[in-house]
Amino acid sequence: MATAGISGISGISGILGSLLQLEENFSSCLARIDALVLKPLLQAEPQDPKEKENFQLLVLLNDRFQSLWNFTEENSRILRGKSQLENSGCIQDFSILWKGEVFLSLYIQYFVTFANFVVVQGFEQAARSKSDAWKLHKAVLKEFLRDFTSESSLGLALHLVLHKPFQEHIQGYLQLLSQLHEQLQEGSERDVVATVLQEFGKLESFISQVLDEAVFTKELWKSLGYKFTDVLCVPERRLLEDSRNLPIASGAARSERLLLFDDVLVLIQGNSFQSFDLKLVWVDENCGEKSAPGLHSLRITTPEETFVLSTKDPQMKAVWRWKLEQAVRQALNGKRDFPLWGRSGEGSEAPSRRFFTYVFRMEGRLRGATYEGEWLWGKPHGKGTLKWRDGRNHVGDFQEGLEHGFGICLVPQRSEDRYDCYKCHWYQGKMRGYGICEYGNDLVYRGYFKDNVRQGFGILENFSAEHPFRYTGHWENDKKNGYGVWDDKERGERYIGMWSDDLRHGEGIVVTQSGLCYQRTFHAGKMVGSGILLLEDDSVYEGNFTEELTFVGKGKLSLANGFVLQGTFSSRGGRGLSTHGVLSTAPEPRRQLDQLGLKEFPVEKRWTGIFEQFLEFLHSGCKEETEESYTGFHIQTSKELRKSQEYLCCQRGSEEIFWKIEEILEDLVEHTGPEALQGYLEKALESSLHPLGKLLRALTAAFQATFAGIGANRHLLAMAQDEVKFYSRKIWEFYLGLLRVALERKGRAPAEDADPSLGKGPSLVLPLILPGFYPELSMLYMLQHQREDELYCQGIVELSLFPDIQLLEFLDVQKHLWPLKDLTLTSNQRRSLIKDKCFLSATECLQKLITTVDPREKLEILRRRISWNVSFHLGNTRNAPFHLRDPRNVPFQPGDPRNVPSHMRDTRNVPSNIADPRNVPFHLGTSPGPTSVPPLSSTLWSQSITPVIPNFFS
């Protein structure tokens, strides 16, 4: 930094010398004060407990004094060293400029501590000390104090001697800094001095205000009785305003006096008072109430009370409002302004949103509870934690004092040291929407709540080893009601049907682990009336039977071989089943009783709880803050739920932003064309963040709860087929609802002349959702056609026992294709040739089809096989194996209908991946005569092979 011009060097040097002299004189004064005032006071330690507290303040004041004195001595040494240098006189020599913050900090700390000692009347108490050391030193001290004051009161003299020299020293700083500022030319150096000068000016105002507040507060404590001072008097507390000095009253004569401190607002009424922490005080000029004529009011809001302050003078109202706002703002900041009522505080209001901890005291549901979190106008609002004395604990979102949004609530169980943990959405203080509850007794509920009870669709599961179970279905008023599925893992059975008040009530289907399946009517948990029992061997019993599946009373048993036994059945202990009736051996047309549940449980009434929530989401306008509450069932674990809430509250990545509800609705409008729509639906259904994907996952959970595991019973195939078809319709309806909301947000109405292809929406959705249900559907389909598959396998085994020649004749292979013209081959060689070369391709194709689950892979296997056959018959055998390129070496193409007898071409009843062998006459040792079969076109070949793919909806 450049020094000042030649004309100013001597001036700056002179100022530097004056500053040195000022510091040395002040240091000398501090030494006398230390020796003659502080040390004698510190030797007179009182014995009274109350006076000991004040004595600790004196010790702290001495520490502040010593720090300030040491800093002054150090500054004097630095200035003395600088003044002895030849090139002294530059601005860098003034440490007060470069250590200004340290100067200010030491003086602020000293005067704040000094004011605390004044408030508790520490100097008056010290003057009354009866210590021998104090008595011996009293005369010398009074002689010293005469240099500072003519006051006869020793307490007042001590007060003056410990603050007046400091104030005068700061005034000396200000004078020298003003001279230095005048000496410097315009530039950065002058700006630095101006800044420091301004800060020391603030310090002078701060000290004056601190001392005034301390005296003001001390006089208050003198005027109040001990009942108030014992509770309210705190060394750090300052009185900012008194209603006796600036008149204002609270409404309804609620108080006689109003005291505003720097941390609390106190209302005094007779011998009692109320105090309100300023951090939780809100001041509203628009009180919202009609004031009496001639009165000007302010509304004061606190966590548990709201009251009005009124005054007749509008200027007094303005002053009180300003002081209240500034006091609240400074209390929230945790520090006073510098200076206390300087320009930095003017015009700024306290924020309405705050973070604080408060214990509720008044009557109500929150009495005794502690809330820590965000506040807005006297009520919990935002993120927070609420703890009750009985151990309840709620962490989450609040709105206007009530739990609202996502939250986690712990409720202790009385009998054991366990907790029920609710992780769900709340609405105006009550659980509402999707949530997960982990009960202390090993039960877990995943589903919807309303008014603090389970309501709508939900899954309750017991993970204990004693009685494991799972219920998936509808709830009403915290009880199982409506359609639901009960898995009793201990008994190994599944109930699918209606419930009422936690009991089976209405039509129901029971599937056992052994494969038995029956349909009955239940009343209050008990079976009533007759029912249908389907046995594993395709026998059907219609009538009454017990829970142990024992026939009782009148009934009809239709055996698998066509016999019918009708009569009265009974069971006598240890003697088996007896009946009185008629056995009919005449063939009787069998009724279609193998598929259950279609009439009893209409598909549109099964899972209404799922669809209701998604429809409510549509009716609410698809608000993002309610999305997880309505559509959150795709979350199945507490960990996923926690991640979902973090996802809602944190900043999203670039890929996730696409699935924000605003972008979803925007994108819907842009993808309404047939081709674009299909791609959009496929992507949406695959995503766990899109509402359509969430709906699909909820439906998948319900479907698996019904038809997976024990529910994989062939008598439920038609029920499952209808359900998947219905899912496609509901998903399409939900898509149209989203599209309608998106168009309404843009101010557009749905087009009446919409694309005709949109009417085929369910058929567009079905292929997209089918892969998610394929495992259960495939199992049901295979179980339904299990007997046909067994017959086919038996036929394959018997065909494999045919001699080569008989097998070729049986398959009606044209003789010119037989690879048996080389008569030099032995019979064993010919058999090996046929087995290795002729059946290799067919066997490999069949094995792949049988072991492949994915229908797309099955189609790909068939496509390759068919393309090879077509190429071969067109004469293109370049891609064929070497030993098969010569048609003479190809006895037949496995599965080729051109070489299959006419009675084997019908594949309409294909059970699973292969042709139906039931029409094949398995007579070992004989063979039908060769039949000439005209070749089929490649188109017909493709059509004949189509049934290899299971048709789940035929």
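Keep in mind it's a predicted model, so treat the numbers as computed, not measured. Just so you know, the residues in each chain are numbered from 1, in the order the chain's sequence is written. Totals for whole chains, interfaces and linings use every residue, but because this is a predicted model, local features are given only for residues with pLDDT of at least 70 and side-chain atom pairs only at 80 or more, for both listing and counting. Hydrogens and water molecules were not included; the side-chain quantities draw on all heavy atoms of the structure.

Draft legend 1. Focus on the overall build of the protein chain. The number of helices and strands found in the protein chain is 26 helices and 27 strands. Exposed residues in this analysis have more than 50% of their type's maximum accessible area, buried residues have under 20%, and partly exposed residues fall in between, with area computed by a 1.4 Å probe over protein chains only. The burial tally for the protein chain puts 47% of its 954 residues in the buried class. Within the protein chain, counting contacts between residues at least 6 apart in sequence, those at least 24 apart form 51% of the total. Counting from the N terminus, the helices are DSSP H or I runs at least four residues long and the strands are E runs at least two residues long. Contact criterion: two residues are considered in contact whenever any of their non-hydrogen atoms come within 4.5 Å of each other.

Draft legend 2. Fine view of helix α8 (residues 164–183). Compared with an ideal rise of 1.5 Å per residue, which puts 20 residues at 28 Å, α8 spans 29 Å between its outermost C-alpha atoms and is within 8% of the ideal. For α8, the complete set of buried residues consists of P165, F166, H169, I170, G172, Y173, L174, L176, L177, L180 and H181. How far a helix is expected to stretch is found by multiplying one less than its residue total by 1.5 Å.

Draft legend 3. Structural view of the environment of G531. You can see G531 is positioned in strand β23 (residues 526–534). Judged by relative accessible area, which is 8%, G531 ranks as buried. Separated by eleven residues in sequence, G531 and E542 have C-alpha atoms that sit 5.8 Å apart. Excluding residues that lie within four positions of it along the chain, G531 makes contacts with Q519, R520, Y541, E542, G543 and F545.

Draft legend 4. Representation of the packing of helix α12 (residues 608–619) against helix α18 (residues 691–707) within the structure. Axis lines are fitted to C-alpha atoms, over the contacting stretch for helices. Their N-to-C directions set the angle, which ranges from 0 to 180 degrees. Closest axis-to-axis distance for the α12/α18 pair is 10 Å, and the angle between their directions is 165 degrees. Overall, the two elements α12 and α18 adopt an arrangement that is roughly antiparallel. Both α12 and α18 take part in a crossing whose hand is right-handed. Contact residues: I610, F611, F614 and F617 in α12; P691, K694, L695, A698, L699 and A702 in α18. Here the term charged refers only to Asp, Glu, Lys and Arg, the term nonpolar to Ala, Val, Leu, Ile, Met, Phe, Trp, Tyr, Cys and Pro, and the term polar to all other amino acids, Gly among them. Residue classes in the contact of α12 with α18 are distributed as nine nonpolar, no polar and one charged. Roughly parallel means an angle under 35 degrees; roughly antiparallel, over 145; roughly perpendicular, 65 to 115; everything else is oblique. The hand of a helix crossing depends on one turn: near helix anticlockwise from the far one by less than a right angle means left-handed, and clockwise means right-handed.

Draft legend 5. Molecular detail of the sheet that holds strand β3 (residues 257–261). As summarised here, the arrangement of the four strands in space is β1-β3-β4-β5, forming an open sheet in which the pairing is antiparallel. Only two strands of the sheet have a single partner each, and these edge strands are β1 (239–242) and β5 (272–277). Along the sheet, successive strands turn relative to each other by an average axial angle of 20 degrees, direction set aside. One bridge is not enough; two strands pair if DSSP finds at least two bridges between them. Pairing between strand β4 (residues 264–269) and β5: six bridges, direction antiparallel. The residue bridging I268 from the neighbouring strand is F273, located in β5.

Draft legend 6. Representation of the pairing of strand β16 (residues 443–450) within the structure. Buried residues dominate β16, accounting for seven of its eight residues. The pairing of strand β15 (residues 430–438) with β16 spans seven bridges and is classified as antiparallel. Residue C437 lies in a different strand from β16, and its bridge partner there is Y445. In this structure, the hairpin formed by β15 and β16 is closed by a connection of four residues, where D442 is found at a positive phi of approximately 75 degrees.

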